[in-house]
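Spelled out, the chains give:
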Amino acid sequence: MRNLIISAALVAASLFGMTAQAAEAPAAPYVELSNPVPVAVPGKIEVVELFWYGCPHCYAFEPVINPWVEKLPSDVNFVRIPAMFGGPWDAHGQMFLTLEAMGVESKVHAAVFNAIQKEHKKLTDKNEMADFLATQGVDKDKFLATFDSFAVKGQIVKAKELAKKYEISGVPTMIVNGKYRFDVGSAGGAEQALQLADKLVDKERAANKAAAN
């Protein structure tokens, strides 16, 4: 009987130890999507940043992510997608997509961010946007015509659908190859987020090579 009691105590202690160990295990810094999202350019590893011009965390991320993007290898495709949750989010997202459609977004991206974050311009009205962008060399009439174009409206629908598929709830959020989602907070900081992106890119690259053999 004594042996049975001792054995039961040892089993209980073992189970308690396993439970405690499981509780202390660190959570993964990313979420693997249950339904992977197809990438924009087949054959390339995609890294997406979802952002909002009105987000101070996105603005703070800019000096860190931009140099990283410039050094990405040729097999990686970087994509920025505006998160559009209504109100100013939608207005700023439509501005971004309009500038992208005009082929000038990269030239004025920093200026738009600075105007909203440092100069406290709202830039939620298309005419206000057009007036400001004209100071940055963007054709005002062309901007206004493109802003309400069928093509931009189609891109708005696409951006909102992607945000739903990625299951995002805030920004800045990164998605690697349509499979892995994480943000600066879950990664432990801006630099750590990019290190995590690099690791996941390497993981996808290795998987692609294995599948090709």
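Preceding this section is the structure that the text describes.
Residues numbered from 1 in each chain as written. Predicted model: local features only at pLDDT ≥ 70, side-chain atom pairs only at ≥ 80, totals over all residues. Heavy atoms only, no water.

Asks: Now, about the sheet that holds strand β4 (residues 173-176): what can you tell me, with residues and values included?
Replies: Read from one edge to the other, the open sheet built from five strands follows the order β1-β5-β4-β2-β3, with strand pairing classed as mixed. Strands at the two margins of the open sheet, each flanked by one partner only, are β1 (31-32) and β3 (76-82). The pairing of β1 with strand β5 (residues 180-183) spans two bridges and is classified as antiparallel. Along β5, the bridge assignment pairs V31 with R181. (Pairing = 2+ DSSP bridges. Helix = DSSP H or I, 4+ residues; strand = E, 2+ residues; numbered from the N terminus.)

Asks: So what's going on with the pairing of β4? Which residues, and what values?
Replies: Burial along β4 is two-sided: T173 and I175 facing one way and M174 and V176 facing the other are all buried. Both strand β2 (residues 45-51) and β4 contribute to a ladder of four bridges, which runs antiparallel. Bridged to E49 within β4 is M174. Bridge analysis of β4 against β5 gives four bridges, and the strand direction is antiparallel. Across the sheet, residue M174 finds its bridge partner in β5, namely F182. Where β4 hands over to β5, the hairpin turn is made up of three residues, of which N177 adopts a positive phi near 55°. (Buried < 20%, exposed > 50% of the residue type's maximum accessible area, 1.4 Å probe, protein only.)

Asks: Go over the packing of helix α2 (residues 56-70) against helix α9 (residues 190-212), please, and point to the residues and values.
Replies: Contact geometry for α2 and α9: axes closest at 9 Å, N-to-C directions at 30°. By the angle between their directions, the pair α2 and α9 is classed as roughly parallel. Here α2 runs over α9; the crossing is right-handed. Contact residues: α2 offers F61, V64, I65 and W68, while α9 offers A190, E191, A193, L194, A197 and D198. By residue class, the composition of the contact of α2 with α9 is eight nonpolar, no polar and two charged. (Axes fitted to C-alpha atoms, helices over the stretch in contact; angles between N-to-C directions. Parallel < 35°, antiparallel > 145°, perpendicular 65-115°, else oblique. Left-handed = near helix turned anticlockwise from the far one by under 90°. Contact = heavy atoms within 4.5 Å. Nonpolar A, V, L, I, M, F, W, Y, C, P; charged D, E, K, R; others polar.)

Asks: An account of the packing of helix α3 (residues 88-102) against helix α4 (residues 105-117) is needed here, citing residue identities and associated values.
Replies: Packing of α3 against α4 brings their axes to within 9 Å, and their N-to-C directions diverge by 155°. Classified by the angle between their axes, α3 and α4 sit roughly antiparallel to one another. Judged by the sense of rotation from one axis to the other, the crossing of α3 with α4 is right-handed. Every residue of α4 that contacts α3 at H92, M95, F96, L99 and E100 is listed here: E105, V108, H109, V112 and I116. Looking at the contact of α3 with α4 residue by residue, the class counts come to six nonpolar, two polar and two charged.

Asks: Before we move on, can you summarise the layout of surface pockets with the specific residues and values?
Replies: Taken as a whole, the largest pocket holds about 320 Å³ of empty space. In terms of lining residues, the largest pocket is bounded by 18 residues, among which A40, V79, I81, K158 and L162 are the most central. At the level of secondary structure, the elements contributing two or more residues to the lining of the largest pocket comprise β2, β3, α3 and α7 (150-166). With seven residues, the single largest contributor to the lining of the largest pocket is α7. (1 Å grid on protein atoms, 1.4 Å probe; cavity = no way out; pocket = protein on both sides within 12 Å on 5 of 7 lines; lining within 4 Å. Points joined across faces, edges and corners; volume = space filled by probe spheres on them.)

Asks: How would you summarise the nonpolar core if you had to cite specific residues and measurements?
Replies: If you look at the biggest cluster of nonpolar residues, it comprises 43 residues, and the most contacted ones within it are L50, M95, L99, V112, L133, F143 and Y166. Looking at this core, the element that brings in the most residues is α3, giving seven residues. When sequence neighbours within four positions are dropped, the list of residues in contact with F143 reads M95, T98, L99, M102, K126, M129, A130, L133 and V138. Counting 19 residues, the second-largest nonpolar core is a separate cluster that includes F78, M174, F182 and A187. (Core = buried A, V, L, I, M, F, W, Y, C linked by side-chain atoms within 4.5 Å.)

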